[in-house]
Amino acid sequence: MTSPSLAGQTAVITGAGSGVGRASALRFAAAGARVVCADVREDWAKETARLVGAAGGTGVVTRCDVAVEADVADTVAAAVENFGRLDIMFNNVGITGFKPGASFEDFTADDFARLTDVNFRGVFNGCKFAVKQFKQQGRDGDRGGVIVNTGSVAGIVGFGSVVYGATKGAVNQITRGIAIECAPFGIRCNAICPGAMPLTNFTPVSPGAEFSPPAQQYLDEVAALQPLGRYLTAEDCAEAALFLASDASKNITGILLPVDGGYTAR
Ligand SMILES: NC(=O)c1ccc[n+]([C@@H]2O[C@H](COP(=O)([O-])OP(=O)(O)OC[C@H]3O[C@@H](n4cnc5c(N)ncnc54)[C@H](O)[C@@H]3O)[C@@H](O)[C@H]2O)c1
């Protein structure tokens, strides 16, 4: 089977400064896409764009807080200004609600607001401005534009991080709803639902913390959570996102694709 191609297409990737976003920017560019690397950490996004360029691809950067509507609108506009159109919107940003030792009822109103603003409103904003642009462009044959969202296994099963899981359940459900409403326009909308990725820079409620590599014992414990016995990587998710972004999945919409080593199959 040949690798999916995104030749000549333009993709916006949010959260492109780290983890799944950076791996996807590199993978999408290797598949031929021009990528807009959007992140609240502009310095991280710039490093991703530099890596894309060093690998022979084309990437530009926007400083974008996905919770802020105007930032997301500007990011979609940057795709059009730089590359003439938008073909793929990958709404990948998410922050974790992990608070050591905290129960669900310990979450403050501010914690709740931040998690829902970034994880749910951020995806809504991305879908909204992508669909406006897709409809304005019109469809090209079967292709009316593609949205890929990053949900989570925590949006499918009870996972132990209650508020975070609820925001991801919302991401999963907005994905299905948009898939149905936008199907007549040839717009597809799917989600990847990652399992545990201990090697990304999964940011706490306040973004910006630097990554420090976990101990081997922790990695082994995380790996053992999956029936396949491996923890997930950003590259695993990038491959799944590439499939959903490309014409290889042209007759697939409204699915939640677990990238989870079998975690949710139990
Ligand atoms: N790491 C995991 O174990 C795991 C598991 C399941 C799902 N996910 C999901 O995968 C996605 C990617 O996570 P990751 O592990 O690559 O995390 P990561 O922290 O490595 O990358 C997230 C990126 O998003 C950026 N970001 C944070 N808040 C932002 C905002 N408001 N606006 C714009 N950019 C913002 C960060 O600066 C960072 O570059 C998220 O949606 C996350 O919820 C992660």
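Located above this text is the structure these notes cover.
Just so it is clear, the structure is predicted and the values come from calculations on it, not from any experiment. (Residues numbered from 1 in each chain as written. Predicted model: local features only at pLDDT ≥ 70, side-chain atom pairs only at ≥ 80, totals over all residues. Heavy atoms only, no water.)

## As for the overall build of the protein
Part 1 of the reasoning: When its secondary structure is counted, the protein shows seven helices and seven strands.
Part 2 of the reasoning: Reading the helices (α) and strands (β) of the protein from amino to carboxyl end gives β-α-β-α-β-α-β-α-β-α-β-α-α-β.
Part 3 of the reasoning: Taken over the C-alpha trace, the protein has a radius of gyration of 17 Å; the compact-globule value for 266 residues is 18 Å, and the two agree within 12%.
Part 4 of the reasoning: Overall, the protein is about 50 × 35 × 35 Å in size when its C-alpha atoms are taken along their principal axes.
Part 5 of the reasoning: Residues counted as buried form 50% of the 266 residues belonging to the protein.
Part 6 of the reasoning: Looking at the protein as shown, the accessible area adds up to about 11900 Å², and 55% of this sits on carbon and sulfur atoms. (Helix = DSSP H or I, 4+ residues; strand = E, 2+ residues; numbered from the N terminus. Rg over C-alpha atoms; globule rule 2.2 N^0.38 Å. Buried < 20%, exposed > 50% of the residue type's maximum accessible area, 1.4 Å probe, protein only. Areas by Shrake-Rupley, 256 points an atom, 1.4 Å probe, with all protein chains shown as cover.)

## Focus: the sheet that holds strand 5 (residues 146–150)
Part 1 of the reasoning: Pairing within the open sheet is parallel, and its seven strands lie in the order 3-2-1-4-5-6-7. Edge positions in the sheet fall to strand 3 (58–63) and strand 7 (256–259), since each of these pairs with one other strand and no more. Neighbour to neighbour, the strand axes of the sheet diverge by 20 degrees on average, direction disregarded.
Part 2 of the reasoning: Docked against the sheet, helix 1 (residues 19–30) engages strand 1 (10–14), strand 2 (34–39), strand 4 (88–91) and strand 6 (188–194), running at close to 170 degrees with respect to strand 1. (Pairing = 2+ DSSP bridges. Axes fitted to C-alpha atoms, helices over the stretch in contact; angles between N-to-C directions. Contact = heavy atoms within 4.5 Å.)

## What about empty space enclosed by the protein?
Part 1 of the reasoning: Per the stated rule, a full pass over the model turns up one cavity of 30 Å³ or more.
Part 2 of the reasoning: The space that makes up the largest cavity amounts to roughly 50 Å³.
Part 3 of the reasoning: In this structure, the largest cavity is lined by Thr-14, Val-66, Val-72, Met-89, Asn-91, Asn-92, Val-93, Val-118, Gly-122, Val-123 and Gly-126.
Part 4 of the reasoning: Contributions of two or more residues to the lining of the largest cavity are made by strand 4 and helix 4 (109–137).
Part 5 of the reasoning: At four residues, helix 4 tops the list of elements feeding residues into the lining of the largest cavity.
Part 6 of the reasoning: Of the residues that constitute the lining of the largest cavity, the class distribution is six nonpolar, five polar and no charged. (1 Å grid on protein atoms, 1.4 Å probe; cavity = no way out; pocket = protein on both sides within 12 Å on 5 of 7 lines; lining within 4 Å. Points joined across faces, edges and corners; volume = space filled by probe spheres on them. Nonpolar A, V, L, I, M, F, W, Y, C, P; charged D, E, K, R; others polar.)

## Brief notes about the packing of helix 4 against helix 5 (residues 162–182)
Relative orientation and spacing of two packed helices are given, respectively, by the angle between their axes and the distance between those axes.
Part 1 of the reasoning: Orientation of helix 4 relative to helix 5, taken along the N-to-C sense of each, is 15 degrees, at an axis distance of 9 Å. In terms of orientation, helix 4 and helix 5 fall into the roughly parallel class. The chirality of how helix 4 crosses helix 5 is right-handed. Where helix 4 approaches helix 5, its residues Phe-112, Leu-115, Thr-116, Asn-119, Phe-120, Val-123, Phe-124, Cys-127 and Val-131 are matched on the opposing element by Val-163, Tyr-164, Thr-167, Lys-168, Ala-170, Val-171, Ile-174, Ile-178 and Cys-182.
Part 2 of the reasoning: Looking at the contact of helix 4 with helix 5 residue by residue, the classes come out as 14 nonpolar, three polar and one charged. (Parallel < 35°, antiparallel > 145°, perpendicular 65-115°, else oblique. Left-handed = near helix turned anticlockwise from the far one by under 90°.)

## Concerning the site of the ligand
Part 1 of the reasoning: Neighbouring the ligand are 31 residues; Ser-18, Asp-39, Tyr-164, Thr-200 and Asn-201 lie closest to it.
Part 2 of the reasoning: Between Asp-39 and the ligand, the recorded distance is 2.6 Å, taken from a side-chain N or O atom to an oxygen atom.
Part 3 of the reasoning: One of the side-chain N or O atoms of Thr-200 is found 2.6 Å from an oxygen atom in the ligand.
Part 4 of the reasoning: Starting from 830 Å² of accessible surface for the ligand in isolation, the protein chains cover 97%.
Part 5 of the reasoning: Taken together, the elements giving at least two residues each to the shell around the ligand come down to helix 1, helix 4 and helix 5.
Part 6 of the reasoning: Of the residues that constitute the shell around the ligand, the class distribution is 13 nonpolar, 13 polar and five charged. (Near = heavy atom within 4 Å. Polar contact = N/O pair within 3.5 Å; in protein donor to acceptor, adjacent residues only side chain to side chain.)

## Some thoughts on the packing of aromatic side chains
Part 1 of the reasoning: Summed over all chains, the structure comprises three aromatic pairs.
Part 2 of the reasoning: For the ring pair Phe-28 and Phe-90, a centre distance of 6.0 Å and an interplane angle of 20 degrees mean the geometry is stacked. Taken together, the residues Phe-28 in helix 1 and Phe-90 in strand 4 connect sequence positions 62 residues apart. Summarising the burial analysis for this pair, Phe-28 and Phe-90 share the class buried.
Part 3 of the reasoning: Their ring planes at 80 degrees and their centres at 5.8 Å tell us that Tyr-164 and Phe-202 sit as a pair that is edge-to-face. With Tyr-164 in helix 5 and Phe-202 in the loop between strand 6 and helix 6 (216–224), this pair connects stretches of sequence that are 38 residues apart.
Part 4 of the reasoning: According to the relative accessible area criterion, Tyr-164 is buried, its value standing at 8%.
Part 5 of the reasoning: Cation over ring: Lys-135 sits above Phe-185, and NZ or CZ is 4.3 Å from the ring centre. (Phe/Tyr/Trp six-rings, centres within 6.5 Å; stacked < 30°, edge-to-face > 60°. Lys NZ or Arg CZ within 6 Å of the ring centre and 35° of its normal.)

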